[in-house]
Each structure stands twice: as structure tokens, then as C-alpha cells.
Amino acid sequence: MRKLLFMPLLMAVLALSAVAGGAEEKKYLVAGVAFYNLENLFDTINDNGKFDYEFSPEGPRQWTSERYNKKLRNLARAITSLPTSETPLGPAVIGIAEVENRGVVEDLVKAVDSTLVAQGKDPWRLQFVHHDSPDRRGIDVGLLYNPIYFAVESVENHRLVIPDEPDFLTRDQMCVSGSLLDVPVSFIVNHWPSRLGGEAQSSPMREAAARLSREIADSLWRVNPAQGIIMMGDLNDDPFNKSCAKVFGAVREREDVAAHGFFNPFWNILDHGVGTLCYNGVWNLFDQIIVSGNLVDGSIPGLTYWKCTVFNKPFLRTKSGKFKNYPHRTFSGGRFLNGYSDHFPTEIFLLREVE
């Protein structure tokens, strides 16, 4: 049975090795790791005591079952468009943000399989990890994964505490550890505090979040110095901002990264004017996937960072008007647009050499 499951992986090996060239042609398995802010994936139920009346049939957004199901179908279309010739079953792992609860994640996974079946393809049967955070808006992070590529071994959720702000509540940081293509890797999934109140005024909150992420990573390395670590999420900051570059310590160039440091491959992408969200004509790249140095410098046998991309295909963009080429979002100015998200997905690719 295991051999049958790995047939798509073997196809990916052949596709990649065919373009390798050279006298010593090498063969690789390829694993994609993606992140997607789903922009307010709420169900239609107004839960007592939660701030989700806005996303209910009676609320200002008139969030009916019809609109909810359109949102699910759109997100499923985006996710099922992520496969490449080297990753025919899509990403091995997808970090997600702005999900209300476990139920909406279950509905999304079902929508992904329904979309694939409608296209005449086999369902992926993604599994997921979700945790209810204390965030005041009731939004959480989560992790979707294909068990063919990734096996979960442990999950830990970390609360961000600001001593000077005892009433401050935000999303917990989720650390999922396991085996990616049989190599130990941990994923820290994030949605750092927003820029509400202004970038400069709110920066200390994101710096605290970055400090917590780094503490999680360092604690993993104390247990296993050979652990690969991937930190990803909507960080509400760009790669060059203090939280990412200084506090978390993610460097711009891969040759500058230490084994127990971090490389941010999206820094150079933003330098070329490509982002994941746009405001007043300025592109930001908040949706980052940051890779530990030991997954970059070859010090982990068997798994190495290859490349990254912003998934901004035309169907995910606004087609015309003032916001042309911005992400085609669900709402704008309170008007339902039947879009996808106000963020583009991002993805990195990792290689595992095979005989």
C-alpha cells in the first residue's frame, strides 16, 4: 500500500531529474510548504459571547450559507491550483490563518476534495491541526497536511503574553513537529498582531511575537540540534522590519545564514516589487515562510531548501478598476465581491535527494 501511495512522488522525481542535466544527474523528491491567510473564514453561526455577529445572516455582511459556501469553493479552487509538475498532489503542508473554528477547517478540507473530484482527480484527503486561540475576533491559525508527505508527532500551542498589557489577546503560536519526507521538521504557524493604531505604535507587539517564535525555535534545538524548523504566517510586517530581521533574526541572503539561524527567501522577492497584499498602491509581503539555516546549508542530511514563490495567478487578482491586480478579496467597503482572500498564498519547495 505504501508503494502505491508514493507513486505520485516517484513521478515527481522523474520530472525533476529529466531537467537536471549534466554527467552526474541527481534525482529528488520535492515537498511544497505553503501558507495562506484565508481572510475571515467564518461560519454563519453567531456564537454567544463571541465577536462574530458580523458574520451571520443577520449581521452587516449578511453572511448566509450561500455566501459561506461560495467562499469555501473559491478557497478550494485556489488551494487545488497549487500543484506543480514536481508536486502533483499539491503542497505537503499548508499553514492557514483567519479561521474561526475547527468546523470551518473541516468544511474547507471537504471542499478541496469535492473540487478535485469534480475535476476528475483523486481527492487529497488532507488532515489538519487546529487550536482555539484567545483572540478577541475569534480567529485562529491551523495546519493542513497530506499524510503521504508529512506525519505529525506532536503539537504545542504557545500563548503570547505582554506583561505591560494584561488584557492583550491575540492568536496563539502553533508548533507542529513531525516527519517531512522522513526528516524531522517543526512548523511554527503564526498570525502576529495587526498594525491597528499604526505601524510604529504596534511594532512592539509584533516584536514580542517574534521573540516568542525565536524562543520556540531555540527550545526545539536544545532537544534536537538537527531539527529542521520552518516559521510561517501572516506576520503583519515585511521581511526588513525589526520584528522579522532583528528580533527573529531572519537574514536576506542564504549564504549569510547560520545553521541555527533563519533565512527569509521572500525578502528578495519583495525587493523586486512582488507582494502578497496591497494598500494604497504599496505592496507588502506579510505572508512569509522562513527557513532554518540547517535546511539551507545542507547540514541536515536529506532535505534542503530549493526555491519560493508568491502564488498570484490571474484568477486570484482583481480584474479592473482602482484595485486592479490587488488580491480579489471577499468584501470591499462592505460589498460582497465573491472573491478569494485579501492575501495571496506563498510557497517554498524543499528537495530530498534519492538514489
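A few points on the structure. (Residues numbered from 1 in each chain as written. Predicted model: local features only at pLDDT ≥ 70, side-chain atom pairs only at ≥ 80, totals over all residues. Heavy atoms only, no water.)

**As for the sheet that holds strand β4 (residues 140-145)**
Part 1 of the argument: Strand order in the open sheet formed by six strands is β3-β4-β2-β1-β17-β14, with mixed pairing between adjacent strands. Looking at the sheet topology across the chains shown, the edges are occupied by β3 (127-130) and β14 (304-310). Neighbour to neighbour, the strand axes of the sheet diverge by 20° on average, direction disregarded.
Part 2 of the argument: Note that β3 and β4 share four bridges and pair antiparallel. Looking at β4, one finds that Gln127 is bridged to Tyr145.
Part 3 of the argument: Its contacts with the sheet put helix α3 (residues 65-80) on β1 (27-41) and β2 (93-99), and the angle it makes with β1 is roughly 160°.
Part 4 of the argument: The strands touched by helix α4 (residues 102-118) are β1, β2, β3 and β4; relative to β3, the strand with the most contacts, the crossing angle is about 160°. (Pairing = 2+ DSSP bridges. Helix = DSSP H or I, 4+ residues; strand = E, 2+ residues; numbered from the N terminus. Axes fitted to C-alpha atoms, helices over the stretch in contact; angles between N-to-C directions. Contact = heavy atoms within 4.5 Å.)

**Describing the nonpolar core**
Part 1 of the argument: Membership of the largest hydrophobic core comes to 78 residues, with the highest contact counts inside it found for Leu180 and Ile348.
Part 2 of the argument: Filtering out sequence-adjacent residues up to four positions away, Leu180 remains in contact with Ala31, Val33, Ala92, Tyr149, Phe150, Val185, Phe187, Leu303 and Leu350.
Part 3 of the argument: The next biggest cluster of nonpolar side chains, apart from the first, holds 23 residues, and it includes Ala209, Ala210, Leu220 and Ile290. (Core = buried A, V, L, I, M, F, W, Y, C linked by side-chain atoms within 4.5 Å. Buried < 20%, exposed > 50% of the residue type's maximum accessible area, 1.4 Å probe, protein only.)

**Focus on the pairing of strand β13 (residues 287-292)**
Part 1 of the argument: Of all six residues that make up β13, six are buried, and the element is covered over most of its length.
Part 2 of the argument: The two faces of β13 match: Asp287, Ile289 and Val291 on one face and Gln288, Ile290 and Ser292 on the other face are all buried.
Part 3 of the argument: The pairing of strand β8 (residues 228-234) with β13 spans five bridges and is antiparallel. Bridging from a neighbouring strand, Met231 pairs with Ile290 of β13.
Part 4 of the argument: Pairing geometry for strand β10 (residues 262-263) and β13, over two bridges, is antiparallel. The partner of Phe262 across the bridge, within β13, is Ser292.

**With respect to the sheet that holds β13**
Part 1 of the argument: The seven strands are arranged β5-β6-β7-β8-β13-β10-β9 in an open sheet whose pairing can be described as mixed. Sheet topology places β5 (150-158) and β9 (250-251) at the edges, where each strand pairs with a single neighbour.
Part 2 of the argument: Pairing of strand β7 (residues 183-191) with β8, which is carried by seven bridges, proceeds in the parallel orientation. Along β8, the bridge assignment pairs Ile188 with Met231.

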